[in-house]
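# Structural overview
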Amino acid sequence: MNSFVSSTLPGQRCTIMATMFHTRWMRQKCPTSPVQRKKLETFSKVQQSSDPVEREEKCLALLKTDGNSLSDEDVLYLIERKKLLPYRLEKDLQDANRAVNIRRMLYVKTQRIRDEVLQNVPFEGYDFSIATKACCENTIGYIPVPIGLVGPLLLDDVKLMVPMATTEGTLLASTNRGLKALLMAGGVKSYVYRNGMSRSPVVEFPTVEGCCKLSVWLQDAANFQLVKKKFDETSRFARLTKITTSLSGRLLFIRFVSTTGDAMGMNMVSKGSENSLRWLNDMFPSMKIISLSGNFCTDKKTIGGKLDRRTRPIRRL
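Source: prediction; values computed, not measured.

## Describing the overall build of the chain
Counting its regular elements, the chain contains 14 helices and nine strands. Taken across its 317 residues, the chain has 33% of its residues classed as buried. Pairs at least 24 apart in sequence give 57% of the contacts found in the chain among residues at least 6 apart. Carbon and sulfur atoms provide 56% of the accessible area of the chain, an area that totals close to 20,200 Å².

## A word on the nonpolar core
Counting 24 residues, the largest nonpolar core has Leu-214, Val-227 and Ile-254 as its most contacted members. Put simply, the parts of the chain that give this core at least two residues each are α11 (208-219), α12 (221-232), β6 (239-248), β7 (251-259) and α13 (266-283). Of the residues forming this core, the biggest block, six residues, is contributed by α13. With sequence-adjacent residues up to four places away left out, Ile-254 is seen in contact with Arg-199, Ser-200, Pro-201, Val-203, Leu-214, Leu-218, Ile-243, Thr-244, Thr-245 and Leu-277. Counting 15 residues, the second-largest nonpolar core is a separate cluster that includes Leu-62, Ile-79, Leu-89 and Tyr-107.

## Side note on the pairing of strand β1 (residues 147-155)
Residues in a regular strand point their side chains to alternate faces of the sheet. Bridge count between β1 and strand β2 (residues 158-165): seven bridges; the pairing is antiparallel. When the bridges of β2 are listed, Val-150 appears paired with Val-162. Hairpin geometry of β1 and β2 is characterised by an intervening segment of two residues between the two adjacent antiparallel strands and by a positive phi of about 50° at Asp-156.

## Focus on the packing of α12 against α13
Closest axis-to-axis distance for the α12/α13 pair is 8 Å, and the angle between their directions is 130°. Classified by the angle their axes make, α12 and α13 are oblique. Our pair here, α12 against α13, has a crossing hand that is right-handed. Seen from α12, the contacting residues are Leu-226, Val-227, Lys-230 and Phe-231; seen from α13, they are Val-269, Gly-272, Ser-273, Asn-275, Ser-276, Trp-279 and Leu-280. Tallied by class, residues from the contact of α12 with α13 come to six nonpolar, four polar and one charged.

## A few points about the side chain of Arg-98
Within the element layout of this structure, Arg-98 appears in helix α7 (residues 96-109). Given a relative accessible area of 11%, Arg-98 falls into the buried group. Polar contacts involving the side chain of Arg-98 include one to the side chain of Asp-72, which spans 3.0 Å.

## Let's talk about the packing of helix α5 (residues 72-80) against α7
Two quantities define a packed helix pair, namely the angle between the helix axes and the distance between the axes. The contact between α5 and α7 brings their axes to 10 Å, and the two run at 60°. Here α7 runs oblique to α5, going by the angle between their axes. Handedness of the α5/α7 crossing: right-handed. Judged by residue contacts, Asp-72, Val-75, Leu-76, Ile-79 and Glu-80 of α5 engage Arg-98, Asn-101, Ile-102, Met-105, Leu-106 and Lys-109 from α7. Looking at side-chain class alone, the contact of α5 with α7 contains six nonpolar, one polar and four charged residues.

## A closer look at the pattern of salt bridges
Counted by the stated rule, this structure contains nine salt bridges. Across the pair Lys-213 and Glu-209 runs a salt bridge, and its minimum N-O distance is 3.5 Å. One end of the pair is Lys-213 and the other is Glu-209, both in helix α11 and four residues apart, which spans about a single turn. The partner of Lys-228 in a salt bridge is Asp-232, and the shortest N-O contact between them spans 2.9 Å. You can see Lys-228 and its partner Asp-232 sitting in helix α12, four residues apart, about one turn around the helix. Each of the two residues, Lys-228 as well as Asp-232, counts as buried.

## Observations concerning helix α4 (residues 52-65)
With 14 residues, α4 ought to run about 20 Å at 1.5 Å a step, and its terminal C-alpha atoms sit 20 Å apart, in line with that. Buried residues of α4: Arg-55, Glu-56, Cys-59, Leu-62 and Leu-63, and no others. The arc that holds every buried residue of α4, seen down its axis, measures 130°, which confines them to one face. Of the exposed residues in α4, those oriented more than 90 degrees away from the buried face are Glu-57, Lys-64 and Thr-65.

## Some remarks on the confidence of the model for the chain
Per-residue confidence for the chain gives a mean pLDDT of 80; residues scoring 70 or more make up 77%. Per-residue pLDDT stays below 50 along residues 1-45; that stretch engages in 26 contacts with residues further than four places along the chain or on separate chains.

Rules of the game
- Residues numbered from 1 in each chain as written.
- Predicted model: local features only at pLDDT ≥ 70, side-chain atom pairs only at ≥ 80, totals over all residues.
- Heavy atoms only, no water.
- Helix = DSSP H or I, 4+ residues; strand = E, 2+ residues; numbered from the N terminus.
- Buried < 20%, exposed > 50% of the residue type's maximum accessible area, 1.4 Å probe, protein only.
- Contact = heavy atoms within 4.5 Å.
- Areas by Shrake-Rupley, 256 points an atom, 1.4 Å probe, with all protein chains shown as cover.
- Core = buried A, V, L, I, M, F, W, Y, C linked by side-chain atoms within 4.5 Å.
- Pairing = 2+ DSSP bridges.
- Axes fitted to C-alpha atoms, helices over the stretch in contact; angles between N-to-C directions.
- Parallel < 35°, antiparallel > 145°, perpendicular 65-115°, else oblique.
- Left-handed = near helix turned anticlockwise from the far one by under 90°.
- Nonpolar A, V, L, I, M, F, W, Y, C, P; charged D, E, K, R; others polar.
- Polar contact = N/O pair within 3.5 Å; in protein donor to acceptor, adjacent residues only side chain to side chain.
- Salt bridge = Lys/Arg side-chain N within 4 Å of Asp/Glu carboxyl O.
- Expected span 1.5 Å × (residues − 1).
- Arc of directions from axis to C-beta.
- pLDDT = per-residue confidence, 0-100.

So this is what it looks like as structure tokens:
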């Protein structure tokens, strides 16, 4: 190779030497697994397409067969061409961690967020495959929070160590002192005397008579079972336990109370209530649904605690 290089013209010699250096550098810096070599080869073929339409078609074809074959630049190109949506990258690429990285690149490139800001938001060393499915959308990283242990907490004759994640200084120390006092006093006994989550839609009738008829109809045990069937079919865990009503002129507030398994369950109860309301609307065509929440179910008012807004435990020392 050296003799070949020396026998070429100066301009050609520079080009050949640059190519040799680039090839050697790529071999050193880039992974050499078959899958990643294929990705590099595919990347070079796509990048060679000078026609934007042709490049777009090639990228979309590769995305359908194997999203890992696309380079990050090609993914950003498809986003720029509005062929990919930033919030759907996890689903389209089938790689949550890569989707987070590309989204970070996108927001820096489009100047939605400064690069120096993102430097303080880590994203490596974290498995986003679960978090981005149900916990967070449009993810760009995570924030580590210190976790400490306090205890033991003697609860129902069982000693428990309690993990607490916080950045508030002295919080764990003061909590630990309180738990020590409880331990010395003999511990804590707990009981659950009420368990339920509620949603209280508000509906309107042309006359007060219509409100009264629906209110009485809902109190019938057989009718309750019909509504319960519609409510329960929306969830594996939510189970309707009670319906109460409150009348205010031509407005009727219907309070659905449901158990929700181990979850807080507000979304479960909302889905069940909405499904029940739609069914009731067919039974009572003159009924008009005003709002899925009539402000009669909120836990930010005294009524929420006195009725069935949430699990009601009681502790005894």
